[in-house]
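Coordinate analysis (summary)
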Amino acid sequence: MTTFKADLHCHTYFSDGTDSPEELIVLAKKNGLSALSITDHDTISAYAEAIPAAKKNGIILGAGAEFSSSYDGLNVHILAYDFDLESPLIHAFCQKHKERRKLRNYRILEKLKKRQMPIPEEELEKMGTETLGRPHIAELLVKHRFVTSVQQAFDLYIGDGKICYDAGEPFTVDETLDLIHSARGKAFLAHPHFLGEGEKVFKLLEKPFDGIECLYANCLPQQEKRWIKAAERRGLLISGGSDYHGTLKPMLTLGCSFVNEETFYKIFQHAIH
Ligand code: AMP
Ligand code: ZN
Ligand code: FE
Ligand code: FE
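Parameters and conventions
- Residues numbered from 1 in each chain as written.
- Chains lettered and ligands numbered in written order.
- Predicted model: local features only at pLDDT ≥ 70, side-chain atom pairs only at ≥ 80, totals over all residues.
- Heavy atoms only, no water.
- Near = heavy atom within 4 Å.
- Polar contact = N/O pair within 3.5 Å; in protein donor to acceptor, adjacent residues only side chain to side chain.
- Areas by Shrake-Rupley, 256 points an atom, 1.4 Å probe, with all protein chains shown as cover.
- Helix = DSSP H or I, 4+ residues; strand = E, 2+ residues; numbered from the N terminus.
- Nonpolar A, V, L, I, M, F, W, Y, C, P; charged D, E, K, R; others polar.
- Donors = N, O, S within 2.8 Å, 3.2 Å for Na, K, Ca; no water.
- Tetrahedral: all angles 85-135°; square planar, octahedral: opposite > 155°, others 65-115°.
- Buried < 20%, exposed > 50% of the residue type's maximum accessible area, 1.4 Å probe, protein only.
- Contact = heavy atoms within 4.5 Å.
- Phe/Tyr/Trp six-rings, centres within 6.5 Å; stacked < 30°, edge-to-face > 60°.
- Lys NZ or Arg CZ within 6 Å of the ring centre and 35° of its normal.
- Pairing = 2+ DSSP bridges.
- Right-handed = clockwise from strand over helix to strand, strands pointing away.
- Core = buried A, V, L, I, M, F, W, Y, C linked by side-chain atoms within 4.5 Å.
- Expected span 1.5 Å × (residues − 1).

This part covers the site of ligand 1. Taken together, the residues surrounding ligand 1 are His41, His77, Arg101, Arg104, Gly133, Arg134, Pro135, Gln151, Phe154 and Lys249. Take arginine 104: an N or O atom from its side chain is 2.9 Å from an oxygen atom of ligand 1. In isolation ligand 1 exposes 500 Å². Once the protein is present, 75% of that is buried. Listed by contribution, the elements that provide at least two residues to the shell around ligand 1 are α3 (88-114), α5 (134-143) and α6 (150-158). In terms of residue class, the shell around ligand 1 is made up of two nonpolar, four polar and four charged.

Moving on: the coordination of the iron ion (ligand 3). Every protein donor of the iron ion (ligand 3) is listed here as Glu66 (OE), His77 (ND1) and His191 (NE2), and their distances to the metal cover 2.0 to 2.2 Å. Summarised as a motif, the one-chain spacing of the donors to the iron ion (ligand 3) is E-x10-H-x113-H.

Before going further, it helps to examine the coordination of the zinc ion (ligand 2). The zinc ion (ligand 2) binds to the protein through Asp16 (OD), Asp16 (OD), His41 (NE2) and His245 (NE2); the donor distances cover 2.0 to 2.7 Å. Angles of 51 to 136° at the metal separate the four donor atoms of the zinc ion (ligand 2), which places the site in the irregular class. Taken in chain order, the donor set of the zinc ion (ligand 2) reads D-x24-H-x203-H. Between the zinc ion (ligand 2) and the iron ion (ligand 3) the interatomic distance comes to 5.6 Å. With histidine 41 in the loop between β2 (35-36) and α2 (47-57) and histidine 245 in the loop between β8 (237-241) and α10 (261-267), this residue pair connects regions lying 204 residues apart in the sequence. The exposure class assigned to histidine 245 is buried, which follows from its relative accessible area of 0%.

Let's shift gears to the side chain of histidine 41. Under the relative-accessibility criterion, histidine 41 is labelled buried at 9%. A distance of 3.3 Å separates polar atoms of two side chains, one belonging to histidine 41 and the other to aspartate 16. With sequence-adjacent residues up to four places away left out, histidine 41 is seen in contact with His11, Ser15, Asp16, Glu66, His77, Arg101, Thr131 and His245.

So, about the packing of aromatic side chains. Tallied over the entire structure, the rule returns 11 aromatic pairs. On the numbers, 5.7 Å between centres and 50° between planes, the contact of phenylalanine 4 with phenylalanine 264 is tilted. On the criterion of sequence distance, the pair formed by phenylalanine 4 in the segment before β1 (6-7) and phenylalanine 264 in helix α10 is long-range, its members being 260 residues apart. Classification of phenylalanine 264 by relative accessible area gives buried; the value is 0%. Relative to tyrosine 265, the ring of phenylalanine 264 lies with its centre 5.0 Å away and its plane at 85°, an arrangement referred to as edge-to-face. Accessibility expressed as a relative area gives 29% for tyrosine 265, which makes it partly exposed. Through a chain of ring-to-ring contacts, three or more aromatic side chains come together here, namely Phe4, Tyr81, Phe188, Phe264, Tyr265 and Phe268. Lysine 5 extends its terminal NZ or CZ atom over the ring of phenylalanine 258, reaching a point 4.8 Å from the ring centre.

Here strand β6 (residues 186-189) shows no split at all, with Lys186 and Phe188 on one side and Ala187 and Leu189 on the other all buried. As paired strands, strand β5 (residues 74-81) and β6 are joined by four bridges and run antiparallel to one another. Considered in β6, the bridge of isoleucine 78 is made with leucine 189. Two elements, β6 and strand β7 (residues 211-216), share two bridges in a ladder whose sense is parallel. When the bridges of β7 are listed, phenylalanine 188 appears paired with glycine 211. Traced from β6 through helix α8 (residues 199-204) to β7, the parallel crossover comes out right-handed.

Judged by nonpolar contacts, the single largest core of 53 residues is most densely connected at Leu36, Phe83 and Leu254. Here phenylalanine 83 is in contact with Ile44, Ala63, Gly64, Ala65, Ile90, Ala183, Arg184 and Gly185, once residues within four sequence places are set aside.

On to the pairing of β8, then. With respect to burial, β8 is a largely interior element, four of its five residues being buried. Relative to β8, β7 runs parallel, the two being bridged by five bridges. Across the sheet, glutamate 213 pairs through a bridge with serine 239, a residue of β8. Between β7 and its parallel partner β8, the chain crosses via helix α9 (residues 221-234), and the hand of that crossover is right-handed.

To continue, consider α3. With 27 residues, α3 extends 40 Å between its outermost C-alpha atoms, agreeing within 8% with the 39 Å of an ideal straight helix rising 1.5 Å per residue. Along α3, the residues that are buried comprise Ile90, Phe93, Cys94, His97, Arg100, Arg101, Arg104, Asn105, Ile108, Leu109 and Leu112. The secondary structure elements touched by the buried residues of α3 are β4 (64-71), α4 (121-125), α5, α6 and α7 (173-182). Positive backbone phi, approximately 65°, marks glutamine 116, located one or two places after α3.

Put into structure tokens, the structure is as follows:
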């Protein structure tokens with residue numbers, strides 16, 4: 001008998017991953033996973049292809065997405081799980097994110113142009129069909145030799161608060177939680193490890209989250225344990241996943257972080273078999 005493992009955080013080329021949905025499913029099978037939730041940034045477009053591919057390969061799918069939001073100056077990623085993939089509310093929300101990003105990317109490109117780093121908007125648009133953002137801009141900065149690495153692009157220019165950064169007009173955490181709940185979903189605070197352990201994060205957790213992503217990528221067990229305790233104290237669910245992005249983040253392998261069967265079914269009452 002194989003142990004049930006579910007990776008609840010990964011990306012396809014519909015956001016900033018490099019695999020197609022089918023490639024991701026095939027890789028999940030190869031890496032010994034039983035279930036997967038694909039959590040592209042601000043889009044659920046992967047599911048049209050992922051659902052038949054998962055059925056064909058015997059992988060159980062849980063509906064997922066990773067929504068960008070803002071709280072008191074923090075960029076907060078919220079994982080939405082088990083929502084209704086047909087929900088018009090979710091579809092409209094993803095569409096609004098696409099428009100928000102277009103405007104925001106334009107503002108970042110304008111700032112880069114002012115600093116003698118012009119990147120044509122059309123070039124960015126060719127990088128994908130759904131969610132485009134800073135990781136794509138960073139790749140283009142490398143391609144144009146304005147920087148030597150994606151990391152340098154963030155460190156010098158487009159990372160939070162850097163000289164060519166622009167927050168755009170983000171959705172708030174409250175709006176995002178409401179939307180997820182109206183579409184029957186559960187909302188998890190993604191990778192809280194990135195937000196530090198200041199007062200602000202604990203204030204944030206007073207909002208109606210359903211869970212915390214305690215198990216994450218290559219996080220150390222001690223760090224994970226602290227977030228598990230934080231979840232248990234609040235009666236919140238626990239999730240976990242690799243944040244696999246394909247070759248964009250080569251140090252993360254699909255399934256390097258996962259949850260067990262019991263945890264999977266606590267989150268996914270509407271798993272797709
Ligand atoms: P966006 O959604 O367009 O704001 O881009 C956010 C993504 O950019 C995150 O999910 C990370 O993958 C990446 N990112 C943000 N800040 C950094 C940073 N300082 N260094 C490397 N990658 C970053
Ligand atoms: Zn990403
Ligand atoms: Fe994230
Ligand atoms: Fe992610």
